[in-house]
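Architecture and fold: a report
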Amino acid sequence: MTDTLLEVRGLTKHFKLDNDIVSRIAGKTRTLKAVDGIDFFIKRGETLGLVGESGCGKSTTARLITRLVEPSEGEVMFKGENLLNYNRSEMQDVRKAVQLVFQDPYSSLNPRKTIMQILSRPLEVHNLAKSWSEKRRRVLELLGLVGLGEEHADRYPHEFSGGQRQRIAIARALAVSPELIIGDEPVSALDVSIQAQILNLFRDLQEQFSLTYLFIAHDLSVIRHISDRVAVMYVGKIVEAGDVADIFERPKHPYTKALLEAVPEADPDKPPPHLVLKGEVATPIDPPPGCRLCARCPLADDYCAEVSPELKDDGTGHYVACHKV
């Protein structure tokens, strides 16, 4: 795939739990399999939406790609190079091309710095501006790109609304002219009306600068609005991936079907969902060997409980991990 910008292969992160109270009582080390051997790719200029319930491993995946958390196993191929082989200085160069926009605009900005200082910091770290006047010109340009003005440059984060702070966070990501932006739930902390504005800003910037996005969310309507392709994650595994229309209109995996049917609609005549997953979400701590959905899936049998399904292409670019599909 010559037009592939990012490809993740077998990406894994296991945390050893040997100091928590349950492990000490049991007298053994347990393993939390936060991300357990996932595969996906993102082509240049497209948006891959990564969707799933809270705690399924989406945010950990973002941090593994950028090596804010070190993976246990796997490969992160960016422009054909495995980032896991890079040393610290090489990763600093990579972070010019791969930027993160975090979920909470209230905590991702330093409250003791002005917006001018916050946005000029990436320029200083990567030596992208030689003088103060050049930095200020670039910062004002960035503010304009996200719909803010010169009058905002010398204010502090607490003087802005949540939507404005997220615009500032996006401007900070743009400061180093990245190729890939990873949005880790970047609109979930915002009001619905503001969410639409930020999503439209993401799309406008993508068109203007030919950006590529990995967009993480648990809100299906957000994912459908912004994504070209979608990957569905459940308890550390990707269970289905494909074009946004295929996933939302022709889902194949039982979990994806149940997730879509659970979306409430303001239609009293709509029949109740026919596929309901009963029971609790599986724990990622020492999970059983088979399918993570097995205990909740109405289609599961003994084979599902023993053998973990692999993510396979059905021949149309629609990937499913299910023995029953």
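Heads up: the structure comes first, above all this text.
Residues numbered from 1 in each chain as written. Predicted model: local features only at pLDDT ≥ 70, side-chain atom pairs only at ≥ 80, totals over all residues. Heavy atoms only, no water.

Looking at the overall build of the protein
Counted only if it meets this: Helix and strand labels come from DSSP, where a helix needs a run of H or I of at least four residues and a strand needs a run of E of at least two; each type is numbered from the N terminus. Each residue is assigned to one of three classes by its accessible area relative to the maximum for its type, calculated with a 1.4 Å probe on protein chains only: buried under 20%, partly exposed between the two thresholds, exposed over 50%. When checking whether two residues touch, look at their non-hydrogen atoms; a contact exists if any pair is within 4.5 Å. The accessible surface values rely on the Shrake-Rupley method and a 1.4 Å probe; as for residues, cover is taken only from the protein chains in view. Charged-residue counts in this description rest on Lys and Arg as positive and Asp and Glu as negative, His and the chain ends being excluded. A single reference atom marks each charge: NZ on Lys, CZ on Arg, CG on Asp, CD on Glu.
A count of helices and strands for the protein gives 11 helices and 12 strands. A principal-axis box enclosing the C-alpha atoms of the protein has dimensions of 70 × 55 × 45 Å. Counting every position in the protein, which comprises 325 residues, the buried fraction comes to 48%. Across the protein, every contact between residues at least 6 apart in sequence was considered, and the portion connecting residues at least 24 apart equals 65%. Per element, the accessible surface of the protein, about 16,200 Å² overall, is 48% carbon and sulfur. Taken as two groups, the 41 positive and 46 negative side-chain charges of the protein have centres that lie 5 Å from each other.

Details of the environment of R296
The criterion, for reference: Throughout this description, a polar contact denotes any pair of N or O atoms lying within 3.5 Å of each other; where both atoms belong to protein, one of them has to be capable of donating a hydrogen while the other can accept it, and for residues adjacent in sequence the pair is counted only when both atoms sit in side chains.
The topology assignment puts R296 in the loop between α10 (254-261) and α11 (302-306). Given the relative accessible area of 14%, R296 is considered buried. In this structure, the C-alpha to C-alpha distance between R296 and V281, residues 15 residues apart in sequence, is 8.0 Å. Sequence-distant contacts of R296, that is, excluding residues within four places in its chain, are made with E53, Y234, L277, K278, G279, E280 and V281. Within the local environment of R296, its side chain forms a polar contact with the backbone oxygen of G279, the two atoms lying 3.4 Å apart.

As for the pairing of strand β7 (residues 180-184)
Remember that side chains alternate between the two faces of the sheet whenever the strand is regular. Stated formally: At least two bridges found by DSSP between two strands are what make those strands a pair. Throughout, right-handed denotes a crossover for which the path from the first strand over the helix to the second runs clockwise when the strands point away from the viewer.
Most of β7 is tucked away: five of the five residues are buried. Of the two faces of β7, the one lined by L180, I182 and D184 and the one lined by I181 and G183 are each fully buried. Note: strand β6 (residues 98-101) against β7, four bridges, orientation parallel. Across the sheet, the residue bridging to V98 is L180, located in β7. In this structure, β7 lies alongside strand β8 (residues 212-217), joined through five bridges in parallel fashion. Across the sheet, the residue bridging to G183 is F215, located in β8. Considered for its hand, the β-α-β crossover made up of β7, helix α7 (residues 192-209) and β8 is right-handed.

Digging into helix α2 (residues 58-65)
Which entries qualify depends on this criterion: Along the arc lie the directions from the helix axis toward the C-beta atoms.
Of all the positions in α2, only K58, T61, A62, L64 and I65 are classed as buried. Angularly, the buried residues of α2 cover 165 degrees about the axis, an arc narrow enough to put them on a single face. One or two positions beyond α2, positive phi appears at R67, with a value near 60 degrees.

Some thoughts on the nonpolar core
We apply this condition: Joining through side-chain atoms within 4.5 Å is the link that ties buried Ala, Val, Leu, Ile, Met, Phe, Trp, Tyr and Cys residues into a set, and such a set is a nonpolar core.
The biggest cluster of nonpolar side chains holds 57 residues, and the ones touching the most others in it are L119, I170, L174, V230, V232, F248 and Y255. Of all the elements, helix α6 (residues 162-174) adds the most residues to this core, at six residues. Residues contacting V230, with those up to four places away along its chain left out, are L48, G49, V51, I223, E240, A241, G242, V244, I247 and F248. By size, the runner-up hydrophobic cluster in this structure holds 30 residues, among which are I38, A62, L214 and A231.

Describing the side chain of T61
Within the element layout of this structure, T61 appears in helix α2. Each residue touching T61, except ones within four places of it in the same chain, is listed here: L11, V35, I38, F40, L50 and M233.

Here's the deal with the sheet that holds β7
Convention followed: Helix axes use the C-alpha atoms of the stretch in contact, all axes being lines fitted to C-alpha atoms, and the angles between their N-to-C directions lie in the range 0 to 180 degrees.
In spatial order, the strands read β6-β7-β8-β3-β9-β10-β12-β11; together these eight strands make up an open sheet with mixed pairing. The open sheet has two edge strands, β6 and β11 (312-313), and neither has a second partner. Sitting on the sheet, α10 touches β9 (229-234) and β10 (237-243), and the angle it makes with β9 is about 100 degrees.

Some remarks on the sheet that holds strand β2 (residues 30-43)
Pairing between the strands of a sheet is mediated by backbone hydrogen bonds and can be parallel or antiparallel. Strand order in the open sheet made by the four strands is β2-β1-β4-β5, with antiparallel pairing throughout. The sheet is open, and its two edges are formed by β2 and β5 (81-82), each paired on a single side.

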